[in-house]
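Examining the three-dimensional arrangement
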Amino acid sequence: MAHTDIRHRNNVTVTGDPDGPVVMLAHGFGCDQHMWRLIVPRLAEHHRVVLFDYVGSGRSDPAAWDARRYAAPEGYAQDVVDILAALDLRDVAFVGHSVSAMAGVLAARAAPDRISSLALVTPSPRYLDDDGYRGGFSRTDIQELLASLDSNYLGWSSAMAPVVMGNPDRPELGQELTDSFCATDPAMARVFARTTFLSDNRGDLEGVKVPTLVLECAEDVIAPRGVGAFVHARIPGSRLVTLAATGHCPQLSAPEATADALLDFLDRTHDAPPDTRHDARHGT
């Protein structure tokens, strides 16, 4: 596709310091770039911030939807690579929320000349429990979740969004996520949901070669604490930060703390000389 077509396809927007280091923000399932709005002003003070919507989400071009492409995480990773190529961006810090964390891992492998660091916000390489691994969901849980989504997407959205968000004492947050889920085309959401909840990217973590931040919440029913520790342990030299926050969307529930953690990581990696960034990663 032509570069202008990709900008339209993914509803790409760019804000902040045009001469600053580049940060790309990638949303999770059922969301769009609007979910980053509370932290964008902080990042934009000294960074060039790139936002977008995956095809099938937000204000992306629905005509570009391909169920086969987006039935695998690699399809979403390709959206990232396409946008970086269209904007001719290099040395990019990729910030991926939830399922986008694994899209970032795959995109960094596919385009090592463009992505120089990763910040994985409430990541999970596999939501399904396995022998010796707790992803947070049993196979029955996932089957019931997907069956409910198939039979009544709007009802599923209203029930699931507050669980994902957490913070029952702040119902406006759950309502915002509900509205975002409900605005997504149900057919596209079903494909994205299966990609999210049935994929297994655990084997991709050890191949990460760039400085990486793993940012988890103290309480998160979608990506429990042990999942963050697993990702941290599998990505050599990564840095694990646990926010004193509840829920799966800290960019909304704890925006100041989220922005602080991201800016600290960005400052650390940007200040390191390019040829030493791999060795300068910070563990905990």
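Structure first, text after, so check above.
Quick summary incoming for the structure in this document. In this text, all values refer to a predicted model and were calculated from it rather than measured experimentally. (Residues numbered from 1 in each chain as written. Predicted model: local features only at pLDDT ≥ 70, side-chain atom pairs only at ≥ 80, totals over all residues. Heavy atoms only, no water.)

This next bit is on the overall build of the protein chain. Within the protein chain one finds 11 helices and 7 strands. In terms of C-alpha radius of gyration, the protein chain reaches 17 Å, essentially the compact-globule figure of 19 Å for 284 residues. By principal-axis analysis of the C-alpha atoms, the protein chain measures approximately 50 × 45 × 35 Å. Residues classed as buried in the protein chain amount to 57% of the 284 residues present. Considering only intrachain contacts with a sequence separation of at least 6, the fraction spanning at least 24 residues in the protein chain is 77%. Roughly 11,700 Å² of accessible area belongs to the protein chain as shown, and the carbon and sulfur atoms make up 51% of that amount. Charge centroids of the protein chain, computed over 25 positive and 38 negative side chains, lie 3 Å from each other. (Helix = DSSP H or I, 4+ residues; strand = E, 2+ residues; numbered from the N terminus. Rg over C-alpha atoms; globule rule 2.2 N^0.38 Å. Buried < 20%, exposed > 50% of the residue type's maximum accessible area, 1.4 Å probe, protein only. Contact = heavy atoms within 4.5 Å. Areas by Shrake-Rupley, 256 points an atom, 1.4 Å probe, with all protein chains shown as cover. Lys, Arg positive; Asp, Glu negative; His and termini not counted. Charge placed at Lys NZ, Arg CZ, Asp CG, Glu CD.)

Turning to the nonpolar core, a few remarks are in order. Most often, soluble globular proteins have nonpolar side chains that are buried together. With 70 residues, the main nonpolar core has M24, F29, Y54, V80, L118 and L177 as its most contacted residues. Residue contributions to this core peak at 8 residues, all from helix 4 (residues 99-110). Residues contacting F29, with those up to four places away along its chain left out, are V99, L149, W156, F181, A189, F192, A193 and T196. The next biggest cluster of nonpolar side chains, apart from the first, holds 26 residues, and it includes L25, I39, L215 and L266. (Core = buried A, V, L, I, M, F, W, Y, C linked by side-chain atoms within 4.5 Å.)

Here the focus is the packing of helix 3 (residues 73-86) against helix 4. Interaxial distance between helix 3 and helix 4 falls to 8 Å at its minimum, and their mutual angle equals 60°. It follows from the interaxial angle that helix 3 and helix 4 lie oblique. Classified by chirality, the crossing of helix 4 by helix 3 is right-handed. Residues P73, E74, Y76, A77, V80 and V81 of helix 3 form the contact with helix 4, whose own contacting residues are A103, L106, A107 and A110. Grouping the constituent residues of the contact of helix 3 with helix 4 by class yields 9 nonpolar, no polar and 1 charged. (Axes fitted to C-alpha atoms, helices over the stretch in contact; angles between N-to-C directions. Parallel < 35°, antiparallel > 145°, perpendicular 65-115°, else oblique. Left-handed = near helix turned anticlockwise from the far one by under 90°. Nonpolar A, V, L, I, M, F, W, Y, C, P; charged D, E, K, R; others polar.)

Let us now look at the state of the cysteines. Following the criterion strictly, the structure yields 0 disulfides and no others. Here C182 stays unpaired: no disulfide links it, and the sulfur of C31, its closest cysteine neighbor, is 12 Å away. Overall, C182 belongs to the partly exposed group, its relative accessible area being 30%. The closest cysteine sulfur to the non-disulfide-bonded C249 is located on C31, 5.6 Å from its own sulfur. (Disulfide = S-S within 2.5 Å.)

Moving on, we come to unusual backbone geometry. Unlike most non-glycine residues, N11 shows phi in positive territory, near 50°. The partly exposed category is assigned to N11, whose relative accessible area is 21%. If you check the backbone angles, T122 has positive phi at about 45° while not being a glycine. Relative to the elements of secondary structure, T122 occurs in the loop between strand 5 (115-121) and helix 5 (139-151). T122 sits in the buried class, given a relative accessible area of 2%.

Sheet strands pair via backbone hydrogen bonds, and the direction of the pair is either parallel or antiparallel. An order of 1-3-2-4-5-6-7 is seen for the 7 strands of this open sheet, with the pairing classed as mixed. Two strands bound the open sheet, and with one partner strand each, they are strand 1 (13-16) and strand 7 (239-246). On average, adjacent strands in this sheet sit at an angle of 20° to one another, irrespective of strand direction. Strand direction decides the pairing type here: strand 2 (residues 22-26) and strand 3 (residues 48-51), joined by 4 bridges, are parallel. Counted as the bridge partner of L25 is L51 from strand 3. (Pairing = 2+ DSSP bridges.)

Now for the pattern of salt bridges. Tallied over the full model, the rule gives 19 salt bridges. A salt bridge links E216 to R225; the nearest nitrogen and oxygen atoms lie 2.9 Å apart. Note on E216: relative accessible area 4%, which makes it buried. Take R225: its relative accessible area is 43%, and that puts it in the partly exposed class. Here D264 and R268 are joined by a salt bridge, their closest N and O atoms 2.9 Å apart. Placement of the pair is D264 and R268 together in helix 11 (residues 255-271), with a separation of 4 residues, close to one helical turn. Through salt bridges that share partners, R9, R69, D79 and D82 make up one connected network. (Salt bridge = Lys/Arg side-chain N within 4 Å of Asp/Glu carboxyl O.)

Further remarks concern helix 9 (residues 225-234). Among all positions in helix 9, only V227, G228, F230, V231 and H232 are buried. Packing partners of the buried residues in helix 9 comprise strand 5, strand 6 (212-219) and strand 7.

Attention shifts here to the side chain of E216. By the element assignment, E216 lies in strand 6. Apart from residues no more than four positions distant in its own chain, E216 is found in contact with T122, R225, G228, A229, L240, V241, T242 and L243.

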